[in-house]
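Spelled out from the first residue to the last, the chains are:
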Amino acid sequence: MVVYGTEPYNAEPPPGALAGQFLTRLDTFYARNHGPIQQIDAAGWRLRVDGLVDRTLELSLEELRRRFPERKVVATLQCAGNRRADLQEFHVIPGEVPWGPGTTSTASWSGVSLADVLAEAGLQVRAAHIAFASTDVSQEADPPQPYGGSIPVAKATSSEVLLAWAMNGQALPAAHGAPLRVVVPGWIGARSVKWLQRVTAQAEPSDNYFQTAYSVLPPEADPHKFGPGDGIILGPVALNCAILRPDKDARLPAGATEVTGYAFAGDDRTVARVDVSPDGGSTWIQAGLDAPESPWTWQHWRATFTLPAGERELIARAWDSTSAVQPESPATVWNPKGYANNSWARVHVTCHP
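Just so it is clear, the structure is predicted and the values come from calculations on it, not from any experiment. (Residues numbered from 1 in each chain as written. Predicted model: local features only at pLDDT ≥ 70, side-chain atom pairs only at ≥ 80, totals over all residues. Heavy atoms only, no water.)

*Asks:* Residues and numbers for the packing of aromatic side chains, please.
*Replies:* As enumerated under the stated definition, the model contains eight aromatic pairs in all. Between Tyr147 and Phe210, the aromatic rings sit 4.7 Å apart at their centres with planes inclined by 35 degrees, giving tilted as the arrangement. One end of the pair, Tyr147, is in strand β8 (residues 145–152); the other, Phe210, is in helix α5 (residues 209–213), and 63 residues separate them in sequence. Pair check on accessibility: Tyr147 and Phe210 agree, each one buried. Grouped by ring-pair contacts, the aromatic residues Phe29, Tyr30 and Trp109 constitute a single cluster. A cation over an aromatic ring shows up here: Arg65 above the ring of Trp165, its NZ or CZ 4.4 Å from the ring centre. (Phe/Tyr/Trp six-rings, centres within 6.5 Å; stacked < 30°, edge-to-face > 60°. Helix = DSSP H or I, 4+ residues; strand = E, 2+ residues; numbered from the N terminus. Buried < 20%, exposed > 50% of the residue type's maximum accessible area, 1.4 Å probe, protein only. Lys NZ or Arg CZ within 6 Å of the ring centre and 35° of its normal.)

*Asks:* Let's hear about the environment of Trp187: which residues, and what values?
*Replies:* Position of Trp187 among the secondary structure elements: in the loop between β11 (181–183) and β12 (196–202). Accessibility expressed as a relative area gives 12% for Trp187, which makes it buried. Spatially, the C-alpha atom of Trp187 lies 7.5 Å from that of Leu77, the residues being 110 residues apart in sequence. Among all residues touching Trp187, those that are not within four sequence positions of it are Ile151, Pro152, Lys155, Gly235, Pro236, Val237 and Asp267. (Contact = heavy atoms within 4.5 Å.)

*Asks:* Would you mind going over the environment of His300 in detail, with residue names and values included?
*Replies:* Tracing the chain through its elements places His300 in strand β21 (residues 299–307). As a C-alpha pair, His300 and Val274 span 26 residues in sequence and 9.7 Å in three-dimensional space. In this structure His300 touches Leu18, Gly20, Gln21, Phe22, Leu244, Gly261, Tyr262, Gly288, Leu289 and Asp290, once residues within four positions along its chain are discounted. Of note is the side chain of His300, whose polar atom sits 2.8 Å from the backbone oxygen of Gln21. (Polar contact = N/O pair within 3.5 Å; in protein donor to acceptor, adjacent residues only side chain to side chain.)

*Asks:* An account of the sheet that holds β8 is needed here, citing residue identities and associated values.
*Replies:* The mixed open sheet is built from five strands, whose spatial order is β4-β3-β12-β7-β8. With one partner strand each, in any of the chains shown, β4 (57–59) and β8 form the two edges of the open sheet. Across the sheet, the axes of successive neighbouring strands diverge by a mean angle of 20 degrees, strand direction being ignored. As judged from the six bridges shared by strand β7 (residues 129–138) and β12, these two strands associate in the antiparallel manner. By the bridge assignment, Ala133 is partnered in β12 with Arg198. (Pairing = 2+ DSSP bridges. Axes fitted to C-alpha atoms, helices over the stretch in contact; angles between N-to-C directions.)

Quick look at the structure:
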């Protein structure tokens, strides 16, 4: 893992470690935290469901398992800051983790449907948002507060949103939110709150610091002085792709070279096509593209070129099922917090005879 900090722990795998993996190994799954990793005794843990509901619930992990049917969803999570390093190459973004393309990972999640739990509590018609509260206190907020956020009721009550206790058939590790976390497929990873302790139905979005902190601000905005309405609050993941192999600045033998990567459309869209260029965009071919496991997963792709000796810029761009395509330049999406970079993926290589 490429580790950017130990407290809080933030790390991503090198791009090549994700190549060829549909499900990401637990020891390779990216870690994004705003507070310390929580060590929670599952036996004493309880989930509180309250707010605009007919019945407040207090549920142990055993009660969740016993009272609700277990469900599984294969879903990709992607950090809102994925590929921030490419934006930082265009223009400096101080104080933010320089994420590469590895803050994207896929797992098979097991747990219960959030919709089932909300139905048991009796969700009231006035409820428009479902807020999540964690136990990890972040010093980034002023004053410090536990991590949290919310999603609209329409998303919260869709069948794919889980309260998960396992990933890839194994008990959820502490680093990934044990004993229970939210998994919101198709949305930025920041809304899949870890170490979950409270679910609240309410009329308005969460007032937690991190609900609006995850916003795309205008280029001229001060990232340290912003409030509600100053930016676009992030929800569904923007169409994106990355080149996993070869690595940036790799030295390769001239000749046949395989270029591989992933593409991810977010929300309930899928990737329809990936174009790859071996010469900085002068010519393009369509990559071989894996079929989606579900609307909630990445799709791996591959293309082979015969590269001559010399320097080359490899480029990849994705199109989704709505015919949207990624923007060409990081200049068009640069923002002072470095979120949602979905410009064309570019890798510079040097081929030797």
